[in-house]
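# Summary of structural features
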Amino acid sequence: MFLEQLGKELLFFDGAMGTVLQSRGLKAGEIPEVWNIEHSGEIKKIHTEYLMAGVNIIKANTFGVNSFKCKNLSYSVEELVTAGIRLVKEAIAETEGKVERSAAYAALDIGSLGKLLKPFGELAFEDAYEAFKEVVIAGEKAGADLILLETLSDSYEMKAAVLAAKENSKLPVVVTMIFDESGKLLTGGDVASVVAMLEGLGVDAIGFNCGLGPVEMRKLFPQLLECCSVPIVVNPNAGLPVVINGKTVFNVGPQDFAEKVKVFVEEGACIVGGCCGTTPEHIKALVDACKGMSVKPVTDKNLTVVSSYNHAVYFGRKPLIIGERINPTGKSKFKQALRDHDMEYIFKEGLTQEEKGAHILDVNVGLPEIDEPQLMEEAVTGLQAIIDLPLQIDTSDLTAMERALRCYNGKPMLNSVNGKQESMDAVFPLAKKYGAVVVCLCLDESGIPETVEGRLAIAKNMIQTAESYGIPRKNLVIDTLVLTISTGKDNALVTLETLRKVRYELGVHTVLGVSNISFGLPQRGKINTAFFTMAMQNGLSAGIVNPSSEQMMDAYYSFNALIGEDDQCMEYIEKCGVADAEKPAAPVAGKELTLQDAIVKGLADSAAAATTKLLQENVEALDIINEKLIPALDIVGKGFEENKMFLPQLLMSAEAAKASFEAIKTMLSTQGKQSESKGKIVIATVKGDIHDIGKNIVKTLLENYGFDVIDLGKDVEPELILKTVQEHNVKLVGLSALMTTTVVSMQDTIELLRKNGVVCRVMVGGAVLTQEYADMIGADFYSKDAMGSVRYANELADKGEI
């Protein structure tokens, strides 16, 4: 029933639970979900109030239920979820006929696990999947009508949650995300990249919630409308939080909220409701304001798109470059690197192609003597840790294919399927499940046809078969195949004509492995460049080429300028108007990097090797730290603050710096010395909050800048923080909180420190905090991101105040 209404009529989510519970007696640090059992009457009363306001979808009080939180509770995941769903169902039944509504549904509400996934954190992807799976199974068993995955700020965690929901239930799945005002997730993803991934995974509706009020959220809404082809959900906060008389309140009232959120419906939202700070009064005003409104039809944007963790790449009129160098074919050094498990050799190949202008990287690690599934998974996760380009997973090993698709963070490209029925039956289900754009080769059981008509027939059959598996044309890219002209004078012409017909008559995007055209000929670059230009003119959407070939890239930039896809020829001038001697050097596989380059690129092994080499050359450890290591971290930090680098790159650079520090510590220990500390800092996630992602990021960065960090963990009592600060004579404390229900604990901690006469600075951070809020609770410093905390600590250290 829910899916029958979704996108066809306007539906309403309820509003906040946590902040409403605070107003009704929830204590600082108390777990809201425990009220499902210990204060069930109050929970049902809140549900009833929302239902009487006219909502269609009630979020069960299960947002924070997971195996990590339940370790310290008296109740199991199943008990809390079952009670939560039951209370919604009872409230729906008891209000039936008492209020005007088309239908009412119980949503299993699932939030973040509060942990960062590997390789940036400590939680394995499959462990996250298992935690979500447990909640999903319990929710469906309890009778939930749909699953809401909300307030998620990491695309990788989203993928684990969506797969858990899709693989372990038949319930509809709705996903809403928390973005900052710049339109970025905590881990750097933008709206388009996450929408591409989620649509590929087959979720039923996508939207925003939390973090922002309706005014701030509306600034991001056009981005969502532009790329989203499924129904859209908008659940804003009631403005921004402020503290009044020790309680968190929000600054947008019911009528103001209703008028502001109504605009989202006018512009294309299909479901609206509220998040933090909204009450039954807010939602009642919203329902009344939107009474009689219809929804805009949901339209398929028909986008062929792949994505990395932080941005989307669209296939269109302007051709794309797919880097071909991560492939052992014809590369003896690359083969040896695979045998030696030299992953940094592979990573450097990726970095080089990224700097040379590739938009997507092909990844092929197939050798008969290696464990391809394991190495493919390592290559994909390792490359995504340091490079933000989408990847094309290139393998014929089905086990390697699925492992790579599963661990990939984003919407991948898959190379490839062919027209053989066996191939289509094996590959298309995987492409459908994981949402990949799949490369379709124009060959079948009879081989590669010599004619245009033969290849076109195979292409048409693959398109039709893909559609029978639920894969639309927009998720297919046809490879019309390139055979060398050294074995057939018409080979290029057949490929080009098939290319043109596929692109412009069948309406499907195209791809070619361009350099095959010159196999067996001298001066191959000349043939390749001419053919590449001809292919682009005949409808080539993406060329698999070597982006380090100046001939090929010059042809590419020239072509774009000539077809009007390079405004004022700026890209051509930038890429082709610089003399070779002036171009910055790119990392070369197999060659040593400087320490600064290794840290900036996030290559831990190279950083350790460069540090060891400097030490062996008798460079003083302190000089390495101050003149090499810290400046490198500053480059990364500045890039992060300017939105030129993102959290995964920041963390991998931190890991590289850590490797450098370890090499220094090892050398100093052999000399009976110790590295100097800039000072001690206590950090903690406050009482009642189990989300430690932000805290752990800050810890990593502070340690790399030379601070001695005392990490008290999560859900930390104010008394323990006070005791630790006093025992260690600490002058700087860092407090983190993600949830609106726990920021009061932050205030309690600050007040306890002040009451006991402790002379120390307190810096605070977290998704729900603002500068105004930090000022109200008596914090000395508010940081919107991890690097801000580092800057503040460094300023205090420079003044000798830590």
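Coordinates for the structure precede this section.
Below: a short report on this structure. Predicted model, so just to flag it, every value in this text is computed and none were measured. (Residues numbered from 1 in each chain as written. Predicted model: local features only at pLDDT ≥ 70, side-chain atom pairs only at ≥ 80, totals over all residues. Heavy atoms only, no water.)

## Considering the nonpolar core
Counting 238 residues, the largest nonpolar core has Leu198 and Leu702 as the members making the most contacts within it. Among the elements that take part in this core, helix α26 (residues 647-670) stands out by supplying 10 residues, more than any other. Core analysis: the second largest hydrophobic core is formed by 28 residues, Val725, Val743, Ile750 and Val762 among them. (Core = buried A, V, L, I, M, F, W, Y, C linked by side-chain atoms within 4.5 Å. Buried < 20%, exposed > 50% of the residue type's maximum accessible area, 1.4 Å probe, protein only. Helix = DSSP H or I, 4+ residues; strand = E, 2+ residues; numbered from the N terminus.)

## Let's talk about helix α7 (residues 125-142)
With 18 residues, α7 extends 26 Å from end C-alpha to end C-alpha; this agrees with the ideal 26 Å at 1.5 Å per step. Those residues of α7 lying buried are Phe125, Ala128, Tyr129, Ala131, Phe132, Val135, Val136, Ala138 and Gly139. Elements that come into contact with the buried residues of α7 comprise α5 (67-70), α6 (77-95), β3 (105-110), β4 (146-152), α8 (155-168) and α16 (398-407). Looking at the residues trailing α7, positive phi occurs at glycine 143, about 105°. (Expected span 1.5 Å × (residues − 1). Contact = heavy atoms within 4.5 Å.)

## Some thoughts on the sheet that holds strand β22 (residues 708-711)
Note on sheets: strands pair through backbone hydrogen bonds, and any given pair is parallel or antiparallel. Read from one edge of the open sheet, five strands run β22-β21-β23-β24-β25, paired in parallel fashion. The sheet is open, and its two borders are formed by β22 and β25 (781-782), each paired with just one other strand. Relative to β22, strand β21 (residues 680-685) runs parallel, the two being bridged by four bridges. Paired with isoleucine 683 across the strands is aspartate 711, a residue of β22. Strands in contact with helix α31 (residues 786-798) are β21, β23 (732-736), β24 (761-765) and β25; relative to β24, the strand with the most contacts, it is inclined by about 170°. (Pairing = 2+ DSSP bridges. Axes fitted to C-alpha atoms, helices over the stretch in contact; angles between N-to-C directions.)

## Re the packing of aromatic side chains
Applying the stated criterion across every chain yields a total of eight aromatic pairs. The interplanar angle of 75° and the centroid separation of 5.5 Å between the aromatic rings of phenylalanine 2 and tyrosine 105 together place this pair among those described as edge-to-face. Linking phenylalanine 2 in helix α1 (residues 2-5) with tyrosine 105 in strand β3, this pair joins segments that are 103 residues apart in sequence. Of the residues examined, phenylalanine 2 reaches a relative accessible area of 3% and is grouped as buried. Overall, tyrosine 105 belongs to the buried group, its relative accessible area being 5%. When the ring centre of tyrosine 129 is taken as reference, the NZ or CZ atom of arginine 406 above it lies at 4.8 Å. (Phe/Tyr/Trp six-rings, centres within 6.5 Å; stacked < 30°, edge-to-face > 60°. Lys NZ or Arg CZ within 6 Å of the ring centre and 35° of its normal.)

## Regarding the environment of phenylalanine 707
Here phenylalanine 707 is to be found in the loop between α27 (693-704) and β22. Looking at phenylalanine 707, the relative accessible area reads 4%, which means it is buried. Sequence spacing of phenylalanine 707 and leucine 303 is 404 residues, and the spatial spacing of their C-alpha atoms is 48 Å. When sequence neighbours within four positions are dropped, the list of residues in contact with phenylalanine 707 reads Ser677, Lys678, Gly679, Ile681, Leu702, Ala793, Asn794, Ala797 and Ile802.

## Focus: unusual backbone geometry
Only a minority of non-glycine residues have a phi that is not negative, and only a minority of peptide bonds are not trans. Of the consecutive residues lysine 118 and proline 119, the connecting peptide bond is found in the cis state with omega at 10°. The residue after asparagine 415, namely serine 416, is reached through a cis peptide bond having omega 20°. Within the secondary structure layout, serine 416 lies in strand β16 (residues 413-418). Within the chain, cysteine 210 stands out as a residue other than glycine whose phi angle is a positive 60°. Not every positive phi belongs to a glycine, and asparagine 729 is a case in point at roughly 50°. Exposure remark for asparagine 729: the relative accessible area of 54% places this residue in the exposed category.

## Notes on the environment of leucine 443
If you trace the backbone, leucine 443 turns up in the loop between β17 (437-441) and α18 (452-468). The exposure class assigned to leucine 443 is buried, which follows from its relative accessible area of 16%. Taking C-alpha positions, leucine 443 is 5.5 Å from glycine 419, a pair spaced 24 residues apart along the chain. Not counting residues within four places of it along the chain, the set of residues in contact with leucine 443 comprises Asn418, Gly419, Lys420, Ile448, Ile458 and Leu481.

## Description of the pairing of β23
Burial analysis of β23 places five of its five residues in the buried class, the great majority of the element. Here β23 shows a buried face lined by Leu732, Gly734 and Ser736 and a second buried face lined by Val733 and Leu735. Across four bridges, β21 lies against β23 in parallel orientation. What sits directly across from threonine 685, in β23, is serine 736.

## Digging into the pattern of salt bridges
Per the stated rule, a full pass over the model turns up 38 salt bridges. One salt bridge connects aspartate 145 with lysine 89, and the closest N-O pair in it is separated by 3.2 Å. Taken together, the residues aspartate 145 in the loop between α7 and β4 and lysine 89 in helix α6 connect sequence positions 56 residues apart. Judged by relative accessible area, which is 25%, aspartate 145 ranks as partly exposed. Of the residues examined, lysine 89 reaches a relative accessible area of 31% and is grouped as partly exposed. Between lysine 489 and aspartate 490 there is a salt bridge; the shortest N-O distance is 3.5 Å. Judged by its relative accessible area of 38%, aspartate 490 falls in the partly exposed class. Each of Glu126, Glu167, Glu402, Arg406 and Lys433 takes part in a single network of salt bridges with overlapping partners. (Salt bridge = Lys/Arg side-chain N within 4 Å of Asp/Glu carboxyl O.)

## Side note on a nonpolar patch on the surface
Taken together, Met570, Tyr572 and Ile573 make up a surface patch of nonpolar side chains, about 290 Å² in accessible area. Structurally, isoleucine 573 can be placed in helix α22 (residues 570-576). (Patch = residues over 30% accessible without salt bridge, like charges linked within 9 Å, V, L, I, M, F, W, Y side chains within 5 Å. Areas by Shrake-Rupley, 256 points an atom, 1.4 Å probe, with all protein chains shown as cover.)

## Notes on the pairing of strand β15 (residues 391-394)
Here β15 shows a buried face lined by Leu391 and Ile393 and a second buried face lined by Gln392 and Asp394. For the segment spanning strand β14 (residues 360-363), helix α15 (residues 372-386) and β15, crossover handedness is right-handed. Handedness of the crossover joining β15 and β16 through α16 is recorded here as right-handed. (Right-handed = clockwise from strand over helix to strand, strands pointing away.)

## Observations regarding the packing of helix α4 (residues 40-52) against α6
At a minimum axis separation of 9 Å, α4 and α6 run at an interaxial angle of 50°. When the interaxial angle is binned, α4 and α6 end up oblique. The chirality of how α4 crosses α6 is right-handed. Touching Ser40, Ile43, Lys44, His47, Thr48, Leu51 and Met52 of α4 are Leu87, Val88, Glu90, Ala91, Ile92, Glu94 and Thr95, all from α6. When grouped by side-chain class, the residues that make up the contact of α4 with α6 number seven nonpolar, four polar and three charged. (Parallel < 35°, antiparallel > 145°, perpendicular 65-115°, else oblique. Left-handed = near helix turned anticlockwise from the far one by under 90°. Nonpolar A, V, L, I, M, F, W, Y, C, P; charged D, E, K, R; others polar.)

## What about the sheet that holds strand β5 (residues 173-177)?
Across the sheet, eight strands lie side by side as β1-β10-β7-β6-β5-β4-β3-β2; this open sheet has parallel pairing. If you trace the sheet from one side to the other, it starts and ends with β1 (11-12) and β2 (57-59), each paired once. In this structure, strand β6 (residues 205-209) lies alongside strand β7 (residues 232-235), joined through four bridges in parallel fashion. The residue bridging phenylalanine 208 from the neighbouring strand is valine 234, located in β7. Against the sheet, helix α10 (residues 214-227) touches β6 and β7, its axis set at about 160° to β6.

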